[in-house]
Structures are given as C-alpha cells and as structure tokens.
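This is what each chain is made of:
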Amino acid sequence: MRHRHLPSPVRRRLLQAMVASGLVAAVERNLALAQTAADYKALVCVFLAGGNDGENTLIRHDAAGYQQYAAVRTPASGINIPQAQLAPIQPLNLATPYGFHPACAPLKTLFDQKRLAVLANVGVLAQPSARAGLENGSTKRPANLFSHSDQELALQSSDARGFTRTGWGGRLADRLEASAPQSLFPALTSIDALKTWTAGVTSIPLTVPAGPWFTLFGSNRGDFDVLRDAAMREILALPRANTYDDVAQILAEEGLAASSVVFPILNNPQSIVAPYFATVDMPVGRQLKSIALMIEGRAQTGVRRQVFFGSQGPYDTHGGQAGQHHILLDELSRALAAFDAAMNALGVSSQVTTFTLSEFGRTFKPAANAGTDHGWGNYAFVMGGAVKGGQFYGTVPNHALDGPDDLGKDGRWIPTTSIETYGATLVRWLGVAEGDLPYIFPNLGAFAVKDLGMLA
Amino acid sequence: MSPLRSSRANARIVALALAFLVASSSGGVLAATGTAIEFYEPVLRHYFMTAFPEEAVMLDGGQVVKGWSRTGGEFTIHTDPAPDRRAVCRFYGAPGSGVQSHFYTADPAECEWVKTLPAWRYEAIAFYIQVPTAGACVAGTTPVYRSFFSDLIKDINHRFTVDLTAAARMPLKAGWVSEGIVMCAPLGDADLAADAVRLLEQASFGPTESLVQEVKTKGAAAWVDEQLKLNVTRYAQPPWFDIPSDPALCVDDKTPPVTPQKYCIFHKITPAPVQMEFFRQSKSAPDQLRLRMAHVWHQIFIAVIFETYATAELQQRFRDHAFGTFENLLLKYALSPQLGAFQNWVKNVPEFNGIRPNENFARELMQLFTVGVNQLDEDGTPRLDVQGQLIPNYAQGDIETLARVLTGYTFPTKPGYTPGFWENGSYYVGDMIPFDARHDQGFKSLLGGRLVLGQGGTAEAEVKAAIRMLVDHPSTPPFVVKQLIQKTVTSSPSPGYVLRVVQVFKNNGAGKRGDLAAVTRAILLDPEARGARKIDPVYGRLREPSLQWTAMIRALDVVTDGFAPASADYRTQSLFQAQTVFGYYPADYVLPGTLTPAPEFGIFSSAGFLDRANHINGLLYNSDFTYSSQFQPMPQVYNALGTPSPALTTFLADASQPDALVARLDRLFLHGTMSAAMRKTIVNAVNKLSPADPLRRVKMAINLMLASIDYQVQK
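Let me sum up the structure you'll find in this document. (Residues numbered from 1 in each chain as written. Chains lettered and ligands numbered in written order. Predicted model: local features only at pLDDT ≥ 70, side-chain atom pairs only at ≥ 80, totals over all residues.)

1. A look at the nonpolar core
Core analysis: the largest hydrophobic core is formed by 328 residues, its most contacted members being V501 and A701 of chain B. Ranked by residues supplied to this core, first place goes to helix 10 (residues 243-266) of chain A with 13 residues. Residues contacting A701 of chain B, with those up to four places away along its chain left out, are L661, V662, L665, I682 and V686 of chain B. Among the nonpolar cores identified, the runner-up in size contains 7 residues, and F146, L407, W413 and I414 of chain A belong to it. (Core = buried A, V, L, I, M, F, W, Y, C linked by C-beta atoms within 7 Å. Buried ≥ 20, exposed ≤ 12 C-beta atoms within 10 Å, placed from the backbone. Helix = DSSP H or I, 4+ residues; strand = E, 2+ residues; numbered from the N terminus. Contact = placed C-beta atoms within 7 Å.)

Okay, structure coming up:
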C-alpha cells in the first residue's frame, strides 16, 4: 500500500462540506433553524482510550463465578477486587448476579434504574470467529490484533483490515448531513481533537473544547482588534496550494466561524445543565459538560440528528492498575451519571443515547507489576432513557483460560458481538435508513445479528 | 489529439503572444539576472515556465491568455552570456504538429538536434545558465530537475523545477518520467537567506535575524558540522528527591522570598522547572541542533515521570546521546529507570504464581521504538505479500518471548541503601541494574529465529542481544528515519529521501550503523530539505505548539522565565508529559479521511487553532493589560521574570514603512514566500494605524504573520 497523496480531492471534499453545511456564511450570520425539541436525537460516544480492563469493571458475583475470578486474579496479583467491595447488580435477563467495580457505584444505580445496559464481549472482528478457525487460519483476524494503534483504527473505522481512514461516526455524519441539507451546522461535534471515528467522507466535524474558551481574544483595544480580526479572516480566506495549509486553514476558518455560535452556548449563564457538572470538574466531566451544553443549545445550532465524540484515558493499565483504574472508572461513572441527570433535566433523556467504545479489553490473567496486558473482547455500556436497561446484551465469554473463548492461554476473549452489530444498533436508533447502513458499516453483512434490540 | 478545443485556441494565443514578447525583450535592457517563473494550466494539465517578465505579467493578468496560474516554482537565471554559462534554447510545437507546449534545453547538442525535428519550432534564447558537471551542480547553484510527459500520441509537456520533492513525485503521475538535473540555477542572496531560515526551522528552535546571517555566510553544511561538535548544554540537575510517603512532608512553604526549596510540590514533583528551563535554553543555548534533536528523540522515546529530578535526568540523556549511535541512545532509554517505571518493565519477573511477565515494553519496544508493526522497504514504504496484504514483523508469541527477555532489572540503588531486587525503591539516577536470579533464563527464540537465546543467559546479555537484534533488523532504519524526517523537515517525505538517509543509517561511510550525527546531517543536508523554494503540495509540517513558542521567543527576542510557554494549555503538548507511549500525537496520524501523513494534526483542530491564535495574542498584548496570570511573574517561581510582551525594538525602525516591515517579516518567518494578497492585507492593516504608535503597527504585522496558516505550517 503506497501512500497516495490526495491534495486536490481533500480540498474539494472539505470545501464541499463547508458549502454543504453552509457553515462559514450561515453560522456567522447566526442563523438558527426553528425546530421542536421533540424532533431531536443525539448519539454520544465516549471512547475509553488504551483498552479498559473489562474484567475488573464487571465481575461475576455468584460464588462459583467469583471463585473463578479470584483464582486467576489472585490477591497476590495486586489487581484482585474483594467480592465484598463490588457494587452488585442482577441483570433482568440472566440468572447470574454481577458486581461493578466499587468505583462504578453510579453505574450500578443507573443499571438498577434500567437506564444503563451492558454489552458483553464486543470487539473488532473481521468475521464471526471461533478459536479453531482463528488458530488454523481459516478465519480472518483483524490486522495486528492487540496493537493499540491498529485496533483503535479498526474499531473506529469499522474496518478490521485497517485500511479505511474514515470513521463510522464520520460516515454517520455524512448520511445525516445528506438527509438534512437544510441543517446549517456540522452533524458531528468532537471534543478537543479529531480521531478516526469522527472523519467522514463528505462531512468535517466541528471540534469544541472541554471548557468555555472557544473564541478569539483581542488586545483590549476595540478599533485595533476589529482591524486585526478582519485582516486575519482575509488572510485565512486566501487560496492555498499546499495541502497542509489547506486543511489547517479550513479548520481555522471553521473555528472562527463556529465560535460566534458555540461560545455563547458554552458560556450560557442560564444553563440548566451546567450545575450538574459542578462536582465532576475533571477531564471526562468537562467533556460531557461541553456536550450537554451543546445539546442544551440545539435551538441555536439547528441540528436535529447530532453525534458527539469524547474520550477518556489512558486505560492502558499494564502496571499499578488498581489505583489508576479506580480513578478512571470513578471519574467516568460520576461524569456519566451527571450527564444522565442533565439530560433528564433538559427533558431529552429518551432522545440522547450515550455509549462507550474501547479498542480492546485486557488479559484476564494478570501481568507482573500488578497490571494486565492487551486483550480483545470487552464490555461496553449504553446509557439513556431509550435504553432497555438493567440487562446484559451479547454473550459473556467462557472465562476458562485456554478455553474455547480464549485466543491463547491468558484470557484474550474472542468477541461474540462485532463492532458492526453494536454500531448498527446505535445508528439505526438515531434514524439512519436501512439502505445507508452498508455505507456506514461496509462489513455489516458478515454478521448475522444486525440489531441487539437494546434501544427503544 | 488535444484535450479540448478551447485549450488549443488558448495555446495558439500563447504562441502568438510569445512571438511578440521574445522579439521585444531582446533589446538588452534587462538586469543581469532574472527569474524563471512556473505556471500551470489545469485543463491542458500543462506546466509552463517563462523568464520573460512581460510574459509572466501577461499570464498573471489572465486577459490575453486565460487559465494559467503560478505554482510558486521559481529560480534565478542569467540574462547575459558568460564563459561558464550555456544559452538556453526555447522551442514551441511547430504549426500543424499538434504539440502545444514549450521545451527548453541548455545542452547545445540537444538544441541543434531539436531544431532539426519537424515537431518543434525554435523560438529564441530564453536565458543563460550553468549546467551540471558529471550530474552535479557546483557550489552557489542549485539543481534544476526536468520531468517529461507524453501521452504517446501528440500531447507533450516538460516541467523544470528546483524542488526535488516536487520532481520526485512527478513520475507518480501517469505518463511522467524524471529526466534528472539539466541546469544549475544561481543562488541569489534571497535564495540563500530563504534556505538559511528553512534550515533553522528544521535544525534549531527557530531562526533569528543574526543567526540567519551567520548560516548564510557559513553555508548549511559548515553550520551543521559546527553544531555537531558543540558542547552539551545541561539541564540544572535538581537533587534526588524521595517522594515522602506522607505527603505532608512535601509542604508548599509560600513565605517570601522564594527559593527552589520552597513550593515543594512545584519544584520537586512536577515537570514545570524542567519545562521552564527548556524554554529558557531554547532561546540561548549555542548547541541548538543537539537540543532540537533531543526534542525530537524525546517524542519518539517516550517516558513520563512525575519527579522533577527524574524528568531532568531523562531529558539530559537525549541531549547527551543525540549524536552517538542509535543503539546506544536506545539502550540509555531502555535501561533508564524512568522508562522502566513508565513501561512497567522495572521489576518484571518470570512467570510465577499464575502471573505472566509484563508485556508492555516488549510490545512497544518493537512497535514504536525499532521495527514497527509491519515490514518496510528501505524507502519506508510498507512491504506487501502476494495477496497485497501488509506483512507483520512479529506475532503475539514474539511479544510474550521478548517479555521474558525483559525480566530481572530493578531500580538503581539509592545512595546509602543495600541493593535488593524487590527492596530497591523508585530512584531515577543512573541505569537500572540486573539481578540474574530474577531473569527468565529459559530458552528463547525471537522473530522466527532471528535471535535464539539458550538457557542460562544473563539479564544484561540477553536484553542487549535483543536490542542489538532489533537495531539490526531491516525495518528499523526506515521506521526510525522516516520519523526523524517527519519531526524536523516534512511530514510526507518522498521514498527517495527516506532511502538516502536510510543508507547513511545503515552505514555512516566508516562501517558504523546508526551513527546519529551522520543521520542528522544526512537529513538536514538532503536536497529535499535544502533549497530556496518548496512548492510540492504535501511538503512541510504543522508546527508543534512547543516549537512555535520557541520560534516566537527567539525571533522576537522575548524575555521569559519559561513559565508562560510551559504552562500554556497546548491542548495536549504539555512538555515531557505525553499522555501515552504514543506521544503527544500519533506518529501515524493522517489528514482526516486521507492517507496523507500529518502527525502534528493529531493535536490540531478548530479549537486548537483558536488556542494558538490566543497564545500569540497573550504574548503580544499581555503588557498592555492584565491578560492572563501566566504571563506575570508567578509567586512560586524562583527569580521570576514572567513573559512580558516583547519590546520589538529592532522592528520599530521599519514601522513607518509598512512595505519594508512586512518584507522583513516575510523573510524571517516565511522564507520570502508571502503571497502578494497576504502582503497587501497586512500592509493595509498597518497603514490604517497611526504612525505615532509604531509599536502597535509592528504588533499588528507580527500578529497577522504569526497567526497565519502560512506560518503555522513550516515549509
């Protein structure tokens, strides 16, 4: 695969997106589409970067199950969580009780309230896979299994081969923008950075900060600043021959243009969602706060089907896992609960669905230095008023080391639900037409189950 | 035959217009040198070059002949003959031949031969220029590369450019072939200055006007060679500090006067003092190249640690070993307790009690620090198997085996303590030490038998053998070299550029592999790095926030204690505090949705642009009002200076002449590539400000320059 250089198509595509969304002109004029709150839906992706240790996030709570856990993750391993500390849950559709990591107490509450569902053993797959086929080579494996960068790319692009550079969030935004040409605002908003998941073919996402500052400051002298800002915009509008100039310029123009709409939204003094985040002033809390504020400001942006991307990490707990994992799960759980409460307060709880992704799970068998290494299948969470919660979806793997669901002998579970099945469930709920699913998930056809039925 | 009727008509007009111009410009009133300017016409998909100013004006006007625009390609030519110059013959397709393009040659024999060809009509002597001897151009000139296109029917085109990257990419387009160096263009003063500025962007923390002058005088090679020999600037090494188990023992004593012993947390267990020193030294240190390369290496060999002394100790390693061998630098990194702790391989032990050896460093040692996940050709392009699939360099089993090799090391022993594998606590001075009793001494075979280790090997011997094997692996030179080029010169180097440097990596000429002084030199003196004009559309790299700060500090002579640049919210480039082992931004990041490499775009976005613009804003105007506390002298900083807005004294002299001011900034910040439109906008903005306030005028011009995308992307 030689590098292909695509300067002019990049330019054209990005420009088309700018024109299609009418961003520069329209947003600057602060045009807002009249809309009703009832006709709004949003998907919020929270990417747990680095590979969350699902095996310490949810643990079987029955005697046999916990015993199996503790026999592998022994107290001597340094990562054992005592059974008494778990936050117990009883999935409505399973006989087996489970326990959340003690830092996930807010998730237990949401699960008990049926506002949170658990998806077991989801992961990147090239095709439905079983151990024998993977080992004898008759079943295709994702490229460079267990590598962060490769599995993150595969997960976010939904291409197990690792070739595709657009993401399923971005392609979802492509279809949303195409089906709502009257909308004047990007369908996808990413917090802070542009990850593969957010890259579309025809759409470009907006990035907003996890915080209030999304505006160009001045020098405190009005006439000077007016002159400077006008000249700056003039320079930013000049044609570019260099591809890097071109893309940087489009992002810069987008930032300047969108700030006039987004800055007031992020600094809304009358916000009813902001107070919910007062006690979660840490990275993932600030990200979800920005997203909540954007949803609260949906009348100003005029978007009816919206997608958000945030991330938290690093979950790459190879060593000294206990402390770091506790902090991350605690922050995540409290931030998710705050977000859920904020959506309730806005009255859009059943219109906003939040879900987690992580590039892989971690080895069930512990590693030296009180940590875990890169695994495969993992738990994911789906939260919101539309979620048929309090249940597990998918299939919990057989936890026997070197067993039928282990690729190897260290507890790297072979996923039983693909990213495609999971993703299709989510985007279908958002209202994507069946005919658009293959565009977003080209490999969906490889999997029999197309909908997990977890969303109403 | 021809693509479009209108194009044919278009071309005929060019020919007619040119006949007139050639005649009128033969009067000998031109200066001794001129400029060959390149144009492109997207319908014909033709390049065209002219050294006749009137012809360029006509094409710029777009009235007589429409559709041609400048590519940015230019080189200097002579308008007079001289003994060492050749006359350049200019041809156009003969009437009725169907050939609708121009051809130039400085080869007298070729000129006479083409005159005999019915397809071509001789027009004139276009200019005079030197030619290569044995394929090379003499000092003081730069190669002009020729590429040739033919559709094998009638459509023919030639391109002449001094930009090797652009020339190297021409054969990637259907029908184009490279024809090598055909002329040697003289380098004028502006060319030399532009190249000096570019070298200093690639090889230092940023150009200053005086250093540009120095490099121009010495030449790039001499400056680089001098830099390679300079003594190492050191970080002030804070003394070892054992984080007390009781946090109350690290108390922030805030009573004035401030000393480095007060504000315990700030001075002992944050990177802030080292970050601040980095920015101070980036301004003043003479060994700019070494420090710049250490900055590159610390982004490849990542390790994040909290203790201040440990950060300084690790960062000093990159400076000390930046010009040694790759193997030695890798060893100094791999055996550092900082890396040991960061990658969980300190105190890694063989399998016991159902606990496996830790795989963290084993995986990243191969994936990120040596061979990369997939096999590479020597020019850095991935190798493919017969099915067109990438070929992995290693399998999960290799990682598990390498994890067994990486066992048996513990922290260095704290002064006054008795060594013990488990007893040695966190201590970050010197290398980790081996305990063979804790090393997995079993049989090991790695990478399909590339390294076989029999039973009973020692930790040190096996770790060094594994690292030697990975250094010697054929994927390592292209994997490492490409990243070094990306972090200094350009995000998307041509395969030829990677290959040339890889050859030096493999053998420095004296049989040594991985000689980093030679590799650094090869990267910086390569023709794709050097040169006055860079016009390839995927040349350059987005400035990292930290390097934009150092460049501003140096060019504008900013006085700073380092606090403001160190504490600025870079939206993820907090120095020495990368979030993961993948660094501040992923080395394999691409422009969203494309395959165009663009690592630094991993931390750029709409919000990121506003950050950058606001940092510039803060720097330029913080003295005008209380902009933000980070620019003020901070209470916890010993000998605090803050970062007051620069006085810009040397630029004030030009405030009354906006044209001169902007031209000067253009030379220093954009190597003289500012477009006429941008120049006009800045000059107009400056002119609208009262001459009575020269500082405001200068700040306006500098603000617009620094915040421009043209500056954000180093080219």
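2. Some remarks on the interface of chain B and chain A
Listed by partner, the interface residues are 75 residues for chain B and 75 residues for chain A. Of all the secondary-structure elements, those providing two or more residues to the side of chain B that touches chain A are helix 14 (360-367), helix 22 (606-621), helix 25 (676-687), helix 26 (694-707) and helix 27 (709-712) of chain B. Among the elements that make up the side of chain B that touches chain A, the one with the highest residue count is helix 22 of chain B (8 residues). Here the residues of the side of chain B that touches chain A sort into 37 nonpolar, 28 polar and 10 charged. (Nonpolar A, V, L, I, M, F, W, Y, C, P; charged D, E, K, R; others polar.)

3. Remarks on the sheet that holds strand 8 (residues 156-161) of chain B
Residue and element names in this part refer to chain B. As summarised here, the arrangement of the 3 strands in space is 8-7-9, forming an open sheet in which the pairing is antiparallel. Looking at strand neighbours, the two that pair on one side only are strand 8 and strand 9 (176-186), the edges of this open sheet. Here the strands of the sheet are splayed against their neighbours by 20 degrees on average, with no regard to which way each runs. Examined bridge by bridge, strand 7 (residues 141-150) and strand 9 share 8 bridges and lie antiparallel to one another. Within the sheet, the bridge partner assigned to Y145 lies in strand 9 and is I181. (Pairing = 2+ DSSP bridges. Axes fitted to C-alpha atoms, helices over the stretch in contact; angles between N-to-C directions.)

4. Topic: the pairing of strand 4 (residues 86-93) of chain B
Residues and elements named next belong to chain B. Counted residue by residue, strand 4 has 6 buried out of 8 residues, so it is predominantly covered. Strand direction decides the pairing type here: strand 4 and strand 6 (residues 120-129), joined by 8 bridges, are antiparallel. Along strand 6, the bridge assignment pairs C89 with I125. Pairing between strand 4 and strand 5 (residues 102-105): 4 bridges, direction antiparallel. Bridging from a neighbouring strand, C89 pairs with T105 of strand 5.

5. What about the environment of H61 of chain A?
Within the fold, H61 of chain A resides in the loop between strand 2 (58-60) and helix 4 (63-72). Taking the C-alpha atoms as reference, H61 of chain A lies 34 Å from D150 of chain A; in sequence the two are 89 residues apart.

6. Section: the pairing of strand 1 (residues 41-48) of chain A
Residue and element names in this part refer to chain A. With respect to burial, strand 1 is a largely interior element, 7 of its 8 residues being buried. Summarising the sheet, strand 1 and strand 8 (residues 305-312) pair through 8 bridges and their orientation is parallel. Bridge pairing in strand 8 links V44 to F308.

Interpretation in functional terms is not warranted from these geometric data alone.
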